[in-house]
Structures are given as structure tokens and as C-alpha cells.
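# Structural overview for review
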Amino acid sequence: MSNTNKTALVVSAHSADFVWRCGGAIASHVKQGWHVKVICLSYGERGESAKLWKLPDMTLEKVKAARREEAQRAADILGADVEFWDIGDYPMRVSDDTLFRMVDLYQTLQPEFVLSHSVKDPYNFDHPLAMHLAQEARVTAQAAGHNLEQKVLGAPPVYAFEPHQTEQCEWLPNTYLDITHVWDLKRQAIECMAGQEHLWAYYTRVAQQRGVQAKRNIGITAKRNIEYAEGYMKLTPTVVDTL
């Protein structure tokens with residue numbers, strides 16, 4: 001592992017989202033010495049915990065505790081530094097206090113890149129709200145007059161990780177990340193999500209499919225073997241010296 005002193009930010013609407021959608025990116029960058037901060041805005045206690053709610057004598061606090069324990073174990077496996085902000089879900093609402101808390105985090109963390117949800121998701125309105133927060137806080141953190149005592153943020157690129165139903169969310173991958181070397185860690189983290197066991201096989205298939213596509217996009221004759229990958233939709237322009 002190299003010590004890069006580089007940081008990255010993941011804004012996850014619910015406590016399991018970061019595992020399915022960017023667990024490979026987290027593990028890969030941590031292995032390279034990065035500090036990856038994950039913010040779970042909610043536990044997904046209402047909208048994504050149906051299995052837990054079927055258990056006898058279940059309460060909201062018990063569901064939250066179970067979801068937190070699962071996500072913390074997954075984050076530990078991936079090597080992420082995770083925080084739980086518990087702002088509620090279904091419906092999720094973002095207060096000014098939450099917005100300014102995220103702005104402060106941006107200016108303190110100074111991330112090299114940001115990962116969050118698709119801009120649109122007709123099946124889960126918490127997801128685009130999380131991305132909206134990530135983007136609005138990013139822009140606010142770039143304002144020179146916001147917090148005079150803190151360092152102004154630069155312009156970290158923003159990537160939307162893969163939603164559950166890509167076509168309906170108007171999400172198109174334009175970036176592929178090879179996660180073959182950390183797939184075992186991502187799969188271990190996935191298996192921490194006992195409350196959503198029905199998604200384990202699904203997101204394994206997604207990783208395999210994106211792996212095939214990633215290999216195709218480096219050329220089928222390339223010697224590099226890509227078995228598993230994650231797809232991302234880069235939302236910010238890339239500035240280069242050469243093409």
C-alpha cells in the first residue's frame with residue numbers, strides 16, 4: 001500500500017447503497033492508500049428494510065441498529081471511514097443544517113473525487129436527493145466567502161454510480177473501473193447486507209456484466225484480464241492537455 005494522502009467522498013442515501021454500487025471503488029482506492037469517507041445519510045430503515053420489519057417485535061430503533069451494524073461491518077471490510085447522519089428515509093428531507101454540514105466536510109476533506117447516485121430515479125426519490133445534496137454542497141464549498149476560516153474547495157469530479165434500473169434513470173456509463181483485484185472484498189461486504197440478501201446475486205451479475213464491457217472497451221485482444229468492474233456516469237467535464 002502506498003501513502004498518497006488523497007481522499008475521496010461517497011454520499012450514500014441509505015446504509016447499503018455504497019456497498020452495492022461502489023464497494024469496489026472504495027476497496028481499490030483504500031488499497032492504494034487513499035482515505036475514503038462514506039456518508040450514509042440514512043439507515044434505509046423504512047424503504048429498504050422489509051425483511052427486518054417482518055420479524056416479531058420489531059421497532060424503528062431496532063431496524064436502525066441492525067442496518068448500522070451491517071453497514072459498519074461492510075465498511076470495515078472495504079476499509080472505508082463511514083459516518084451515519086440518520087436524516088431519515090422514505091421520505092428523505094435535507095435541512096440547511098445538513099447542507100452546511102456537508103459543505104464543511106467538503107472543505108475539511110478536500111476530496112479528489114465524489115461518488116453518489118444517479119440524477120434521476122423514479123423508483124427511489126431519496127437517491128437523486130442525495131446526489132443533489134452532494135452537488136449543491138460541492139458548489140457551496142467552492143464559494144470563497146462561505147467559510148473564511150476554511151480552505152475553499154477546488155473542483156473534484158463527480159461520478160454517478162449505477163442505479164438499480166439504469167434505463168429508467170437515464171443513466172449511461174461512460175467510465176469503467178476494474179475491480180477484479182478487490183472483488184473478493186466487495187463480495188464479502190455485500191454478504192454483510194443480510195437484510196437485502198435478494199440483491200447479492202443481482203449485483204454480482206452487474207459486476208460481471210460491467211467487467212465484460214470494460215474489457216471490450218480496452219480491446220478484446222488486450223492481455224489485461226477484467227472479470228469484474230463498476231460502471232460510473234461522470235457528470236463533470238474532463239480537462240486534458242492531450243486527447
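Our subject in this report is the structure included herewith.

Cut-offs and rules
Residues numbered from 1 in each chain as written. Predicted model: local features only at pLDDT ≥ 70, side-chain atom pairs only at ≥ 80, totals over all residues. Heavy atoms only, no water. Axes fitted to C-alpha atoms, helices over the stretch in contact; angles between N-to-C directions. Helix = DSSP H or I, 4+ residues; strand = E, 2+ residues; numbered from the N terminus. Parallel < 35°, antiparallel > 145°, perpendicular 65-115°, else oblique. Contact = heavy atoms within 4.5 Å. Nonpolar A, V, L, I, M, F, W, Y, C, P; charged D, E, K, R; others polar. Expected span 1.5 Å × (residues − 1). Buried < 20%, exposed > 50% of the residue type's maximum accessible area, 1.4 Å probe, protein only. Pairing = 2+ DSSP bridges. 1 Å grid on protein atoms, 1.4 Å probe; cavity = no way out; pocket = protein on both sides within 12 Å on 5 of 7 lines; lining within 4 Å. Points joined across faces, edges and corners; volume = space filled by probe spheres on them. Phe/Tyr/Trp six-rings, centres within 6.5 Å; stacked < 30°, edge-to-face > 60°. Left-handed = near helix turned anticlockwise from the far one by under 90°. Disulfide = S-S within 2.5 Å.

The next thing to look at is the packing of helix H1 (residues 17-31) against helix H3 (residues 60-78). It is at 9 Å that the axes of H1 and H3 come closest, and there the two elements cross at 30 degrees. Comparing their axes, H3 and H1 come out roughly parallel. Two secondary-structure elements touch here, H1 through Phe18, Val19, Gly23, Ile26, Ala27 and Val30 and H3 through Ala71, Ala74, Ala75 and Leu78. Of the residues belonging to the contact of H1 with H3, the class tally is nine nonpolar, one polar and no charged.

What follows concerns helix H5 (residues 126-141). Given a rise of 1.5 Å per residue, 16 residues ought to cover 22 Å, and the 22 Å separating the end C-alpha atoms of H5 matches this to within 8%. Listed as buried for H5 are Asp126, His127, Pro128, Ala130, Met131, Leu133, Ala134, Ala137, Arg138, Thr140 and Ala141.

This part takes up the sheet that holds strand S2 (residues 35-40). Pairing is mixed in the open sheet, where seven strands are placed in the order S3-S2-S1-S4-S5-S7-S6. A single partner strand is all that each edge strand has here, and the edge strands are strand S3 (81-84) and strand S6 (175-178). Taken over all neighbouring pairs, the strand axes of this sheet differ in orientation by 25 degrees on average, direction set aside. Sheet topology note: the strand S4 (residues 114-116)/strand S5 (residues 158-161) ladder contains three bridges and is parallel. Bridged to Ser116 within S5 is Ala160.

Here the focus is empty space enclosed by the protein. This structure, assessed with the given rule, holds one cavity of 30 Å³ or more. Its boundaries defined by the atoms lining it, the largest cavity holds a volume of some 70 Å³. Contributing to the lining of the largest cavity are Trp20, Arg21, Glu162, Lys186, Tyr203, Val206, Ala207, Ala229, Glu230 and Gly231. Its residues placed into classes, the lining of the largest cavity shows five nonpolar, one polar and four charged.

Let us now look at the packing of aromatic side chains. Counted by the stated rule, this structure contains seven aromatic pairs. Aromatic pair Trp20 and Tyr203: ring centres 5.5 Å apart, planes at 20 degrees, arrangement stacked. Separated by 183 residues along the polypeptide, Trp20 in helix H1 and Tyr203 in helix H7 (residues 200-218) bring together distant segments of the chain. Considered together, Trp20 and Tyr203 belong to a single accessibility category, that of buried residues. Ring plane angle 45 degrees and centroid distance 5.4 Å describe the contact between Trp34 and Phe113, whose orientation is recorded as tilted. A residue pair is termed long-range when its members are at least 10 positions apart, and Trp34 in the loop between H1 and S2 and Phe113 in the loop between helix H4 (96-109) and S4 qualify at 79 residues. Side by side, Trp34 and Phe113 carry an identical accessibility label, which is buried. Members of the aromatic cluster, joined through ring pairs, are Trp34, Phe113, Tyr159 and Tyr232.

Attention shifts here to the packing of H4 against H5. Geometry of a packed helix pair, given as the angle between the helix axes and the separation of the axes. Between H4 and H5, whose axes approach to 8 Å, the crossing angle comes to 60 degrees. If you check the angle between H4 and H5, you find them oblique. Of the two possible hands of crossing, H4 and H5 adopt the one that is right-handed. Across from Thr98, Leu99, Met102, Val103, Tyr106 and Gln107 in H4, the residues of H5 making contact are Leu133, Ala134, Glu136, Ala137, Arg138, Thr140 and Ala141. Here the contact of H4 with H5 is composed, by residue class, of eight nonpolar, three polar and two charged.

Following the criterion strictly, the structure yields zero disulfides and no others. Here Cys22 is not cross-linked by a disulfide; its sulfur's nearest cysteine counterpart is in Cys40, at 9.7 Å. You can call Cys22 buried: its relative accessible area is 0%. Given the relative accessible area of 0%, Cys40 is considered buried.

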